[in-house]
Amino acid sequence: MKRLTPIMLAGTGSDVGKSLIATGLCRIFRQDGYNPAPFKAQNMALNSYATPEGLEIGRAQAVQAEAAGVPCHTDMNPILLKPSGHHTSQVVLNGRPVGNRNAYEYFRKEGREELRTEVHQAFDRLAARYNPIVMEGAGSIAEINLKDSDLVNMPMAVYAGADVILVADIDRGGVFASVYGSIMLQDAEDRRRIKGIIVNKFRGDIRLFEKGRKMMEEICGVTVLGVVPFAPDIHIEEEDSVAIATKRSKGAEGKINIAVVLVPHISNFTDFDAIERDPRVNLYYTSDANELHEADIIILPGSKATLSDLQYLRHRGLATAIAECRREGKTVIGICGGYQMMGLEVEDPQGVEGEIARLPGLGLLPVRTTLEGDKVTRQVKFRFMGGDAECSGYEIHMGRTTFTDGEATPLNHIDGGCEDGCYADDRCFGTYIHGVLDNRSVIDHLLAPYAGRTEQTTFDYTTYKEEQYDALATHLREHIDIPLLYKIMGAE
């Protein structure tokens, strides 16, 4: 097919919906016979994913690759910043951690050209294999004070020869000012590169914005490609934890209630997307000890700072509440950092996470964890509880967990002969495997003790995700001028 120019979804700010629109465009290009791939030079997120090669990228690019129907690869996100403190992030370069940097160290100019070379090379490798490249910027394109050190927005678009589509969030207000200001703050060359505007997250009757659309085109001199309404019935895995704030309702009658313990450094919260969509389940996030008692199942999630979050559980009274819930017969499970917390002790002799050297765990599983500098990152196939069904997931963790009881039982048998996790009984176990709850056999086992309160319903999450990508593509086709977008990208 004809070679298309790359397209970059840039933003007037953070959380304007760039990732979601990029995901939908990846699916549209795939549906139309192209071979697209996503690219974001630099991403900042705690929600990451393991590639087939066992390397780490941002979850958003993994989702976009899935929508495009291609395997995810580190070239799609060569730099990933994983916040580990108020001013510090772990820097993951080409899928491997290369150390921690504070914000000042990272964003000053020294060393930036080496990183720029890395992201350019990653883009070149990707562009040689796929057509088109759907690029995503970060935050606002109008942070002019950071332009000299910027790796991901307009300088990256210039290198790639990309056409830029500016995405604005009308829901937060000030959409005209944010769009106009974002365009006018560019230099003349970058301004010419902006070929379209997408007004996102519209609520209400879209016909009421028709005058506003024309006014925006007149004052900005750029075509409005579309006005995209909110689509609350379309569910795509989200990278940022902002949406968690809306998922904090308490127990519901006639459902199996699952509480995810909301710790400050929660990571990989997409572990719960599949089970949240299960019609048998009401899932909510909470840091309230009383709300834990309303749940049937309590899940301790992954964490970027296990010891700090373990300390938080004790200070908030959550550790005591979890122990009480376990004694009451409720189910308690842990994933990754949550699994580590469920043991007898977590120690950090090398100071991998910070100043806390050791803390007692929750004492629910006979294991001890030592945090170490080497990170385990891999995709895995496994058998849950010795069952016949082949399951899949991925590991991203720093730490070695060992049994303290010779009679302890591993939870999972990984293909190749390894074992994972620890099983106390059907209502208490932990695992290092992210995505464990994407597998139907695991979900059915977890919900089985509570099956009597709800009608049994099977749920195929893989099929569900594919349906959601198609629904998103349909939604964007209805509200974005896709033929004009193709024209901008050189299809005609």
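Computed from a prediction, not measured in an experiment: that's the story for all the values here.

Draft legend 1. Expanded view of the packing of helix H6 (residues 175-184) against helix H8 (residues 210-220). Where H6 contacts H8, the axes come no closer than 10 Å and their chain directions differ by 25°. Relative to H8, H6 is oriented roughly parallel. Like other packed secondary-structure pairs, H6 and H8 cross with a definite hand, here right-handed. Side by side, H6 and H8 meet where Val175, Phe176, Val179, Tyr180, Ile183 and Met184 of the first sit next to Gly212, Met215, Met216, Ile219 and Cys220 of the second. By residue class, the composition of the contact of H6 with H8 is ten nonpolar, one polar and no charged.

Draft legend 2. Geometry of the layout of surface pockets. Within this model, the second largest pocket holds a volume of roughly 760 Å³. Lining the second largest pocket are 31 residues, and of these Tyr49, Glu66, Ser392, Asp438 and Lys465 sit closest to its centre. Of all the secondary structure elements, the ones that give two or more residues to the lining of the second largest pocket are helix H2 (59-68), strand S21 (367-384), strand S22 (390-403), helix H14 (440-447) and helix H15 (461-479). The residue inventory of the lining of the second largest pocket, partitioned by class, reads 13 nonpolar, nine polar and nine charged.

Draft legend 3. Spatial organisation of the side chain of Ser182. Structurally, Ser182 is set in helix H6. A polar atom in the side chain of Ser182 sits 2.6 Å from the backbone oxygen of Ser178. Once residues within four sequence positions are removed from consideration, Ser182 is found in contact with Thr12, Ile141, Ala142, Leu166 and Ala177.

Draft legend 4. Spotlight on the side chain of Gln468. Position of Gln468 relative to the elements: it lies in helix H15. If we ignore the near neighbours within four places in the chain, the residues touching Gln468 are Asp233, Ile234, His235 and Ile236.

Draft legend 5. Just the packing of helix H1 (residues 18-31) against H2, in detail. In contact at an axis separation of 7 Å, H1 and H2 are set at 20° when each is read in the N-to-C sense. Viewed along their axes, H1 and H2 adopt a mutual orientation that is roughly parallel. The way H1 lies across H2 gives a crossing that is right-handed. Between H1 and H2, the contacting residues are Ser19, Ala22, Thr23, Cys26, Arg27 and Arg30 on the first element and Ala60, Val63, Gln64, Glu66, Ala67 and Ala68 on the second. Here the residues of the contact of H1 with H2 sort into six nonpolar, three polar and three charged.

What counts, and at which threshold
- Numbers given for residues are sequential positions, taken from 1 along each chain in its written order.
- The predicted nature of this model means local features are confined to residues of pLDDT at least 70 and side-chain atom pairs, given and counted, to a pLDDT of 80 or more, with totals for whole chains, interfaces and linings taken over all residues.
- Side-chain calculation: all heavy atoms of the structure are included, whereas hydrogens and water are not.
- Note on geometry: axes are C-alpha line fits, over the in-contact stretch for helices, and angles between N-to-C directions span 0 to 180 degrees.
- A helix here means a DSSP run of H or I that spans at least four residues, while a strand means a run of E at least two residues long, and both kinds are numbered starting from the N terminus.
- Here roughly perpendicular refers to angles of 65 to 115 degrees, roughly parallel to angles under 35, roughly antiparallel to angles over 145, and oblique to all remaining angles.
- By definition, turning the near helix anticlockwise from the far helix through less than a right angle yields a left-handed crossing, and turning it clockwise yields a right-handed one.
- We call two residues contacting when some pair of their heavy atoms lies within 4.5 Å.
- Each residue receives one of three labels: charged for Asp, Glu, Lys and Arg, nonpolar for Ala, Val, Leu, Ile, Met, Phe, Trp, Tyr, Cys and Pro, and polar for the others, Gly being one of them.
- Detection works on a 1 Å grid of protein atoms alone, calling trapped sets that fit a 1.4 Å probe cavities and calling open sets with protein on both sides within 12 Å along at least five of seven lines pockets, with lining residues defined by an atom within 4 Å of a point.
- Grid points are joined across faces, edges and corners, and a volume is the space filled by probe spheres set on the points.
- Two N or O atoms form a polar contact when they lie within 3.5 Å of each other; inside protein one atom must be a possible hydrogen donor and the other a possible acceptor, and for residues adjacent in sequence the pair counts only when both atoms belong to side chains.

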